[in-house]
Amino acid sequence: VQLVESGGGLVQPGGSLRLSCAASGSIFSIYAMGWYRQAPGKQRELVAAITSGGSTNYADSVKGRFTISRDNAKNTVYLQMNSLKPEDTAVYYCNADLSRRATITRSPDYWGQGTQVTVSS
């Protein structure tokens, strides 16, 4: 499985961005996809996830502001980020899980290369 992210950049507080993650390869084996982020000096944390069945999960810090969705025809997952805050600044990584266990234990099987999101005035 290969994951290619796009859509990061610089945005002012209160602004919006949409991240995209296109999957290729053995995509039939994917159980869930999602987004993690890692800010400087901090551990990588789960932001949002969506299973092949459409179930979603969000970090408390982004609930109500971020929305994860998927386009199965394009094998692409999106993260719509609204009302962005400076504390959302991080490198955002797309992930793919091949099993429910990988999702529950937050141990993705595949990672994208990461895309920088900077929220600053």
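A separate point is unusual backbone geometry. Within the chain, S83 stands out as a residue other than glycine whose phi angle is a positive 50°. Position of S83 relative to the elements: it lies in the loop between β8 (76-81) and β9 (90-97). A relative accessible area of 41% places S83 in the partly exposed class. Of note in the backbone geometry, R106 takes a positive phi value of approximately 55° without being a glycine. Here R106 lies in the loop between α1 (100-104) and β10 (110-111). The partly exposed category is assigned to R106, whose relative accessible area is 49%.

Reading across the sheet, the four strands line up as β1-β3-β8-β7 and stay open at both edges, with antiparallel pairing between neighbours. The two strands at the open ends of the sheet, each matched to only one other strand, are β1 (2-6) and β7 (66-71). With strand direction ignored, the average angle separating the axes of adjacent strands in the sheet is 15°. In terms of strand pairing, β7 meets β8 through six bridges, oriented antiparallel. In the sheet register, R70 faces β8, and the bridge partner there is V77.

Here β1 shows a buried face lined by L3 and E5 and an unburied face lined by Q2, V4 and S6. Pairing of β1 with strand β3 (residues 17-24), which is carried by five bridges, proceeds in the antiparallel orientation. In the sheet register, Q2 faces β3, and the bridge partner there is S24.

About the criteria used
- Residues numbered from 1 in each chain as written.
- Predicted model: local features only at pLDDT ≥ 70, side-chain atom pairs only at ≥ 80, totals over all residues.
- Heavy atoms only, no water.
- Helix = DSSP H or I, 4+ residues; strand = E, 2+ residues; numbered from the N terminus.
- Buried < 20%, exposed > 50% of the residue type's maximum accessible area, 1.4 Å probe, protein only.
- Pairing = 2+ DSSP bridges.
- Axes fitted to C-alpha atoms, helices over the stretch in contact; angles between N-to-C directions.

All quantities given are derived from atomic positions and should not be read as evidence of function.
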